[in-house]
2 protein chains.
Amino acid sequence: MSLLVTGSIGIDTVKTPFGTSEDCIGGSAIYFSLAASFFSPVRLVGAAGEDCPFDFQQIFEGRPVDLEGLELRSGSKTFRWHGTYADNMNDRTTDLVELNVLAEAPPAVPASYRDSSYVFLANTAPALQLELLNQLDAPKLVVADTMDLWINNEKKDLLELLKNIGGLVLNDSEALLLTGNSNMVGAASEILDLGPEFVLIKKGEHGALLVTGKNEVFVLPAYPTENVKDPTGAGDSFAGGMMGYLAGENRHDFETLKKSMAYGTVVASLLIEDFSLNRLQIAGRSDIDRRYNELQAMMQF
Amino acid sequence: MSLLVTGSIGIDTVKTPFGTSEDCIGGSAIYFSLAASFFSPVRLVGAAGEDCPFDFQQIFEGRPVDLEGLELRSGSKTFRWHGTYADNMNDRTTDLVELNVLAEAPPAVPASYRDSSYVFLANTAPALQLELLNQLDAPKLVVADTMDLWINNEKKDLLELLKNIGGLVLNDSEALLLTGNSNMVGAASEILDLGPEFVLIKKGEHGALLVTGKNEVFVLPAYPTENVKDPTGAGDSFAGGMMGYLAGENRHDFETLKKSMAYGTVVASLLIEDFSLNRLQIAGRSDIDRRYNELQAMMQF
């Protein structure tokens, strides 16, 4: 089924203990689209500026990623992010953020995208997420990501958003911030009371937790990989793998959600093995399926 | 098969956001023994002082816990620990430590325990762990716990210990400290090079990771419970459930190790639902088996 993502397109400079990747392609919509494209056609809504050096046709060549919703806005500059990861590869400091085109009016959703069934609203101001959502006809499942900034500063909009989506994806510190509950099962239950059908709490290298409004609980460790070079985009590629699988299956019942999370973690485990999109771009569906089966075996007792 | 534990017996005062438990029974050998006793007979080696207010016969009444190795040393005082947990129930501050009898000569291993097949050396100075080990005939599996203090101050003894044990149990920050490797799969591999057949890295609420010398990997999330009142003893009861199961099965191949870890996490999940031993003392094997099956279902995809 049709899967739409709205999110950022970025020019990133990333430093990790393994090197520096300068002015490489990044942004939530990019990571999401590449990850999701293994499972389902993707429609990308996002904006870049006229300084954007990337050839998107080439980046997504041979993949079912529709770029009609990708706006190259003249007179604007592309979102830029510079970050440095600590030796532990978990803590990172942001060295520079230039919102640029992200601070302007969001791109419009093309008319041909309005019938999208599956929608992922990557992290941005909840008012913008709602505005994008309002341009769609009747999606079957809308999942949104959020962050501390909006929980702190745009809580009212965020609560409104929560009434209008099927799933919320956020990390553990954000779940604590939103609810004040440091127990993740408890925090998830409180968020479910605010509207969504399911809440997915990401814990980075510690995996993820899914809780549904039917009190179904799924716990998933991250695929344990020794080879981590650049964690940038892990969360967005996790979401991409997950939503791609759901759209491909055209279902989001509990059993399908669980499988989709496993695909998400596996895709993310490949992504982080190299800078930017490098590793995931050379991965095949067979690499993904092999790790999926390995993860399943590693969790069996 | 026979399972021996050597560890501490403590008088604890624990404060959590849910209340205070004053002068309650604690200590690694106590938590371990109660947890293990669901699966196997246990032989307890530990020392308390003459101030010890607990009736150990009553505490372990009806359970296969042999107390011949429990020494009540006259003229000595019992180990005391006071701790306070933060609201998140993960961070804790130690308010008071009185080593008392733990700073004296360790208790002797009774002659009748020397043929023990399974041995758990709870956390103490590695030289003492080796000394205790040397009193045993030919154990089939020895597993030891350790901590930052010994990694920092008694590294040579610890490295000697590692050559003489089958399994090491430690938490993620200790694995990082011991190896300098923040990737837990990598850290485990480095520890395996130091001697043990397997390394089990505990990540608290994030579960545990097992890596064996045969490159087998098992990842286990913690049983997700919303009802956490006092995490004290979680690690030792995890080890108790695990070692009890291994001794009960009289095997420690990979498949059995995986199951043993699941039992360990389930026993720990019960323990932390109340202060001290309160919850685990009223648990039955059926409570454990129910959660074991639930955990298995929660991880299935």
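Structure: see above.
A quick note: this is a predicted structure, and the numbers were derived from the prediction, not measured. (Residues numbered from 1 in each chain as written. Chains lettered and ligands numbered in written order. Predicted model: local features only at pLDDT ≥ 70, side-chain atom pairs only at ≥ 80, totals over all residues. Heavy atoms only, no water.)

Novice: Can you walk me through the overall build of chain A in this structure?
Specialist: Of the regular secondary structure elements, chain A holds eleven helices and 14 strands. Projected onto its principal axes, the C-alpha coordinates of chain A cover approximately 50 × 40 × 35 Å. Within chain A, the fraction of its 301 residues that count as buried is 59%. Looking at chain A alone, contacts between residues at least 24 apart form 65% of all its contacts between residues at least 6 apart. Accessible area for chain A stands at about 11500 Å²; split by element, carbon and sulfur atoms hold 46% of it. When the 23 basic and 41 acidic side-chain charges of chain A are each reduced to a single mean position, those positions are 4 Å apart. (Helix = DSSP H or I, 4+ residues; strand = E, 2+ residues; numbered from the N terminus. Buried < 20%, exposed > 50% of the residue type's maximum accessible area, 1.4 Å probe, protein only. Contact = heavy atoms within 4.5 Å. Areas by Shrake-Rupley, 256 points an atom, 1.4 Å probe, with all protein chains shown as cover. Lys, Arg positive; Asp, Glu negative; His and termini not counted. Charge placed at Lys NZ, Arg CZ, Asp CG, Glu CD.)

Novice: What should I look at first to understand the relation of the copies chain B and chain A in this one?
Specialist: The two chain copies are connected by a rotation around an axis plus a translation along it. Aligned on chain A, chain B shows an RMSD of 0.0 Å; the corresponding rotation is 180° and the shift along the axis is 0.0 Å. One copy is carried onto the other by what is essentially a two-fold rotation axis. Taken together, the interface assignments show that 100% of the residues at the interface of chain B recur at the interface of chain A, consistent with an identical surface on both copies. (Least-squares fit on C-alpha atoms with pLDDT ≥ 70 in both.)

Novice: How should the packing of helix 3 (residues 126-133) of chain A against helix 5 (residues 155-162) of chain A be read in this particular structure?
Specialist: Helix packing geometry: the angle between the two helix axes and the distance between the axes. Residue and element names in this part refer to chain A. At a minimum axis separation of 8 Å, helix 3 and helix 5 run at an interaxial angle of 35°. Judged by the twist between their axes, the crossing of helix 3 over helix 5 is left-handed. Touching Pro-126, Ala-127, Gln-129 and Leu-130 of helix 3 are Asp-157, Leu-158, Glu-160 and Leu-161, all from helix 5. For the contact of helix 3 with helix 5, the per-class residue count stands at five nonpolar, one polar and two charged. (Axes fitted to C-alpha atoms, helices over the stretch in contact; angles between N-to-C directions. Left-handed = near helix turned anticlockwise from the far one by under 90°. Nonpolar A, V, L, I, M, F, W, Y, C, P; charged D, E, K, R; others polar.)

Novice: What's the story with empty space enclosed by the protein in this structure? I'm lost.
Specialist: Where empty space is left in the structure can be found by rolling a water-sized probe over the atoms. Applying the stated criterion across every chain, the model contains one cavity of 30 Å³ or more. Quantified by volume, the largest cavity comes out at close to 30 Å³. Lining the largest cavity, in full, are A:Lys203, A:His206, A:Ala208, A:Val219, A:Leu220, A:Pro221 and B:Pro221. In the lining of the largest cavity, the residues fall into five nonpolar, one polar and one charged. (1 Å grid on protein atoms, 1.4 Å probe; cavity = no way out; pocket = protein on both sides within 12 Å on 5 of 7 lines; lining within 4 Å. Points joined across faces, edges and corners; volume = space filled by probe spheres on them.)

Novice: Help me out: how do you make sense of the environment of B:Leu200 in this one?
Specialist: Residue and element names in this part refer to chain B. Note on placement: Leu-200 falls in strand 12 (residues 198-202). As a C-alpha pair, Leu-200 and Ile-165 span 35 residues in sequence and 13 Å in three-dimensional space. When residues no more than four places from it in sequence are discounted, the contact partners of Leu-200 are Leu-168, Val-169, Leu-170, Ala-208, Leu-209, Phe-238, Met-242 and Met-261.

Novice: Looking at this model, I keep getting lost on unusual backbone geometry. Mind explaining?
Specialist: Where the residue is not glycine, phi is negative for most of them; where a peptide bond is considered, it is trans in most cases. One non-glycine residue, A:Asn250, lies in positive phi territory at about 55°. Position of A:Asn250 relative to the elements: it lies in the loop between helix 8 (234-249) and helix 9 (254-271). A positive phi angle, close to 45°, is found at B:Asp23, a residue other than glycine. Of note, B:Asp23 is situated in strand 3 (residues 19-26). By relative accessible area, which is 40% here, B:Asp23 ends up partly exposed.

Novice: Can you walk me through the pairing of strand 4 (residues 42-49) of chain A in this structure?
Specialist: A regular strand carries its side chains on alternate faces of the sheet. All names here are of chain A. In terms of residue burial, strand 4 counts as a mostly covered element, since eight of its eight residues are buried. Taking every second residue as pointing to the same face, both faces of strand 4 are buried, with Val-42, Leu-44, Gly-46 and Ala-48 on one and Arg-43, Val-45, Ala-47 and Gly-49 on the other. Relative to strand 4, strand 1 (residues 3-6) runs parallel, the two sharing four bridges. Looking at the pairing, Leu-3 lines up with Val-42 of strand 4. Pairing analysis gives two bridges linking strand 4 to strand 5 (residues 65-66), with the strands arranged parallel. Within the sheet, the bridge partner assigned to Val-42 lies in strand 5 and is Val-65. (Pairing = 2+ DSSP bridges.)

Novice: For this particular structure, what's the right way to read the sheet that holds strand 8 (residues 92-98) of chain A?
Specialist: The strands that make up a sheet are held in pairs by hydrogen bonds between backbone atoms, and each pair lies either parallel or antiparallel. Residues and elements named next belong to chain A. Spatially, four strands are ordered 3-2-7-8 in an open sheet, and the strand pairing comes out mixed. Whereas interior strands pair on both sides, the edge strands pair on one side only; in this sheet they are strand 3 (19-26) and strand 8. Neighbour-to-neighbour, the strand axes of this sheet turn through a mean angle of 15°, independent of strand direction. In terms of strand pairing, strand 7 (residues 79-85) meets strand 8 through six bridges, oriented antiparallel. What sits directly across from Thr-84, in strand 8, is Thr-93.

Novice: Help me out: how do you make sense of the interface of chain B and chain A in this one?
Specialist: Taken together, the contact pairs 32 residues of chain B with 32 residues of chain A. Between chain B and chain A, a total of about 2700 Å² is buried, with carbon and sulfur atoms accounting for 60% of that surface. Across the contact surface, chain B and chain A share zero salt bridges. Summed over the shared surface of chain B and chain A, the result is 14 residue pairs in polar contact (both at pLDDT 80 or more). (Buried area = accessible area lost by both parts, 1.4 Å probe. Salt bridge = Lys/Arg side-chain N within 4 Å of Asp/Glu carboxyl O. Polar contact = N/O pair within 3.5 Å; in protein donor to acceptor, adjacent residues only side chain to side chain.)

Novice: What exactly am I supposed to notice about the nonpolar core here?
Specialist: Side chains of a nonpolar character, in soluble globular proteins, are inclined to be buried together. The biggest cluster of nonpolar side chains holds 194 residues, and the ones touching the most others in it are A:Met243, B:Phe56 and B:Met243. Ignoring sequence-local partners within four residues, the contact set of B:Phe56 consists of B:Ile9, B:Ile25, B:Ile30, B:Leu67, B:Leu70 and B:Leu72. (Core = buried A, V, L, I, M, F, W, Y, C linked by side-chain atoms within 4.5 Å.)

Novice: I'm lost on the layout of surface pockets in this one. Help?
Specialist: Residue and element names in this part refer to chain B. Put simply, the second largest pocket is a space of about 180 Å³. Looking at the lining of the second largest pocket, the element that brings in the most residues is helix 6 (residues 172-179), giving three residues. Considering only residue class, the lining of the second largest pocket consists of two nonpolar, five polar and four charged.

Novice: In this structure, what is going on with the sheet that holds strand 3 of chain B? I would like to understand it.
Specialist: Residue and element names in this part refer to chain B. What the four strands build is an open sheet, ordered 3-2-7-8; its pairing is mixed. Each edge of the sheet is formed by a strand with only one pairing partner; in this case those strands are strand 3 and strand 8 (92-98). The average angle at which neighbouring strand axes cross in this sheet is 15°, direction not considered. Two strands pair when backbone bridges link them, and strand 2 (residues 10-16) and strand 3 are joined in this way by six bridges, in the antiparallel orientation.

Novice: Any chance you could explain the side chain of B:Thr265 here in plain terms?
Specialist: Looking at the secondary structure, you find B:Thr265 in helix 9 (residues 254-271). The contact partners of B:Thr265, leaving out residues within four places of it in the chain, are B:Leu220, B:Pro221, B:Ala222, B:Tyr223, B:Phe238 and B:Leu295.

Function-wise, these values are silent; they only describe arrangement.
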